[in-house]
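# Tertiary structure, described
One letter stands for each residue in the lines below.
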Amino acid sequence: MPVSSVTVRTPSVTPAVVVVGTGPRGTGFLERIAANARSLYDGLPLDIHLVDPHPPGAGRVWRRDQSPLLWMNSMAADVTMFTDDTVALAGPVRHGPALHEWARDIREGRARLSAESEAAEAAEEALAPPGSGAGTGSGLRAEIAALTGQTFPSRRVQSAYLSWVYEQTVAALPPGVTVHQHRTDAVRVTGPRGGRQRVWLADRTEPLLADLVVLTLGHLDAEPDAEQVELSRFAEEHGLIHLPPDFTADSDLSALPAGEPVLVRGFGLAFVDLMVLVTEGRGGRYSGSAGHDDGELVYHPSGREPVLHVGSRRGVPYHSKIGYGLDGERPPLPRFLGPEQIDALLSRPVPPDFRRDVRPLIDKELGFAYYHRLFTAHPERTRVDWTDFEEKYAAADPGGPELDALVGAAVPDPADRLDLAALDRPLDGLRFPSYDALQDGLRDYIRADLGRRHDPAHSADLAVFFGLLSVYGQLIRLGDLGDSGGSWHGFFSYVASGPPGPRLRQLLALSRAGVVRFLGADMSVEADGRRGIFRAGSAVVPGEYVEARALVEARLPDPSPERTRSPLLRALYEEGAAAVSAGLVRVDPDDGRLLERDGTPHPRRFALGPNTTARSSGAFTRPRTGGPAFRQNDATARAALTLLAGLARPPAAATAPAATAPAGSPPPAATPPAGSPSTTVSAPRPPDGQPVRS
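Here's what I pulled together on the structure shown here. (Residues numbered from 1 in each chain as written. Predicted model: local features only at pLDDT ≥ 70, side-chain atom pairs only at ≥ 80, totals over all residues. Heavy atoms only, no water.)

## What about the environment of S493?
The cut-off we apply is this: Helix and strand definitions follow DSSP, with helices as H or I runs of at least four residues and strands as E runs of at least two, each counted in order from the N terminus. Here a residue-residue contact requires only that any non-hydrogen atoms of the pair lie within 4.5 Å.
As for its position among the elements, S493 is in helix α15 (residues 487-496). Separated by 125 residues in sequence, S493 and G618 have C-alpha atoms that sit 8.8 Å apart. Residues contacting S493, with those up to four places away along its chain left out, are Y318 and G498.

Take a look at the structure:
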């Protein structure tokens, strides 16, 4: 994308870029800067300012200081921060270890923990009481020693990996590039379209001056919507407990009383964290083995647990992570939803309707992935040759009777046919005579899901997973995924981004112990003012209700433009940045430039990550899956370096003039010292704003 205007500056100013957010996405962008700088920036000086109150690499979500009981929901072999030759890059591939390979390198002495991780380990050992065993096989190093590719690592292990990746990335930057850390929040970006931008920080009166700004923000907080405000008001009036949507790891769960019922609305990953923190986190324990496919755990309560009554729209937990790999041929994707189909959708004079124009193509693509695997890996369960089936499948309309008849004739067992509607809403049409009967039915469902997701005989399900990844990568070009209501993103998360199998085995054990009770689908919540209580019911158990004095919303906040708590995003929206109703910032899908309300890309402002309309399918990329996030990072880094190279001048001691803080900026605070000597990347973190590498 060409830059619309360029301001010529005096030769005394070193070009600068400010990156707001230094979690995984900010680190990934920085890695692409390091990979491309030698070819695009030609040894010129550059200042990179990294702004984030949380540790670089890990950021807020993956920071070390959270419960070691909390896991990733991906196996270590499925997590990498490095590109490979499957990624369509304009820049160079820079190989590096996936998470399990990094752990092996640490164990075998080929790598060492980052300076930040080493310092945190030393601090924990120093604070540990005598005889606790800290530093002698417990903690982070013990987890790394035991980690394999099939391990679901704790978040503190992932934090250490991300910290190491960040340290290696900074070390890989070419000479003349200086990185400055600012452990604070950015609150506003100002400046002309064609000139230097001013990034105002929460703890200083003078802004950072930058030639361009890249926002790589992670998940953000939001003000509660009208329903949540009313529920909180009701709880305060009646002495009840209401926990609105939040990051579970950051919520104060101590208010939930032991032994009392708690209504929980939401059955996704936020619920899993809640479940862990109020059971094992309060001293409960399991016996048996959660890692065995046929293992049945027994939960031994501590007596301090609440009783969680959980429901949601679907009424079931997210599907378990698949517990095997795909051998043999992968489905050749994309097939029915690829660049050609996206080009056709984008060329229409009016925006496509997601339900009418896009979802049928998604369903046909997922069906193609499923049946390709079923016919090629399990031909004994089909009646016709794959070539004949594929030809007729390609000619049939998505979701039409011709396609249904084709599948019915070619796949004799209904259990071997892909039913996306039943997959999405498994409790639709079911009714149970009582909540006790529902508990038995839901436990049977979860056991069946665990069995299927760990049985290679159903490897067509894994092909659907790869189909989902392919679809997500294509839909990025539609901007907001063409799905303003979020139904597609929710379906993707439910099918492809569920919890580890061991977590669902723990859920079954908690259900048998009576610590978790299922409420079912289409959960409703009522605030009963007459009795001063919360009441919940569901469509699958008509006429029955559960009452409680506590209600937890187990989901992330909705970051709509009107309710975001980020002063930075609020200011951008007020100044004209475009957004969609789901709270996503509109960006150019080609290079991440922020779009204004008239569709014009801003020449100096970029954004990457889950808050944008070009969000990728997950926080991390599986090795050798093409990684759309890597491609986006590379395109944005190359666009940034191209712009900066055109502005670069020899460094000089002159400084830019100070600017006056805009109205609403934070109160004055001490400005960090400037001009301090550089330290190496292996040194402890320097004071705010001082260089960590030059």
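## Some remarks on the side chain of D52
What counts, and what does not: To sort residues, take the accessible area from a 1.4 Å probe on protein chains only and compare it with the maximum for the residue type: under 20% means buried, over 50% means exposed, and anything in between is partly exposed. By the counting rule applied here, Lys and Arg register as positive and Asp and Glu as negative, while His and the ends of each chain are not counted. The term salt bridge refers to a side-chain nitrogen of Lys or Arg lying within 4 Å of a carboxyl oxygen of Asp or Glu. Pairs of N or O atoms are called polar contacts if they sit within 3.5 Å, as long as, within protein, a hydrogen donor faces a hydrogen acceptor (for residues adjacent in sequence, only side-chain-to-side-chain pairs).
Within the secondary structure, D52 sits in the loop between β2 (46-51) and α2 (99-107). Among buried Asp, Glu, Lys and Arg side chains, D52 stands out as unpaired, with R183 the closest opposite charge at 6.5 Å. Among the polar contacts made by the side chain of D52, one reaches the main-chain amide nitrogen of H54 at a distance of 2.8 Å. Discounting chain neighbours no more than four positions away, the residues touching D52 are G21, T22, G23, G59, H182, R183 and T184.

## Some points on the packing of helix α14 (residues 460-475) against α15
Quick reminder of the rule: All axes here are fitted lines through C-alpha atoms, helices being fitted over the stretch that makes contact, and every angle between N-to-C directions spans 0 to 180 degrees. Between 65 and 115 degrees an angle is taken as roughly perpendicular, under 35 as roughly parallel, over 145 as roughly antiparallel, and anywhere else as oblique. The handedness criterion is simple: a crossing whose near helix is rotated anticlockwise from the far helix by less than a right angle is left-handed, and one whose near helix is rotated clockwise is right-handed. Ten residue types, Ala, Val, Leu, Ile, Met, Phe, Trp, Tyr, Cys and Pro, are classed as nonpolar, four, Asp, Glu, Lys and Arg, as charged, and the remainder, Gly among them, as polar.
Relative orientation of the contacting elements α14 and α15 amounts to 150°, with a least axis distance of 10 Å. Regarding the angle of α14 to α15, the classification is roughly antiparallel. Two packed elements cross with a definite hand, and for α14 against α15 that hand is left-handed. Contacts between α14 and α15 involve F465, L468, L469, V471, Y472 and L475 on the former and, on the latter, W488, H489, F491, F492, V495 and A496. Looking at the contact of α14 with α15, its residues break down into 11 nonpolar, 1 polar and no charged.

## Overview of the sheet that holds strand β5 (residues 197-201)
For clarity, the cut-off: DSSP-based pairing: two strands are paired if at least 2 bridges between them are found.
With antiparallel pairing, the 3 strands of this open sheet are ordered in space as β4-β5-β6. The open sheet has two free edges, formed respectively by β4 (186-190) and β6 (208-210), since each of these has just one partner strand. The mean angle between the axes of side-by-side strands here comes to 25°, regardless of whether they run parallel or antiparallel. The pairing of β5 with β6 spans 3 bridges and is antiparallel. Residue pairing across strands places Q197 opposite A210, the latter belonging to β6.

All quantities given are derived from atomic positions and should not be read as evidence of function.
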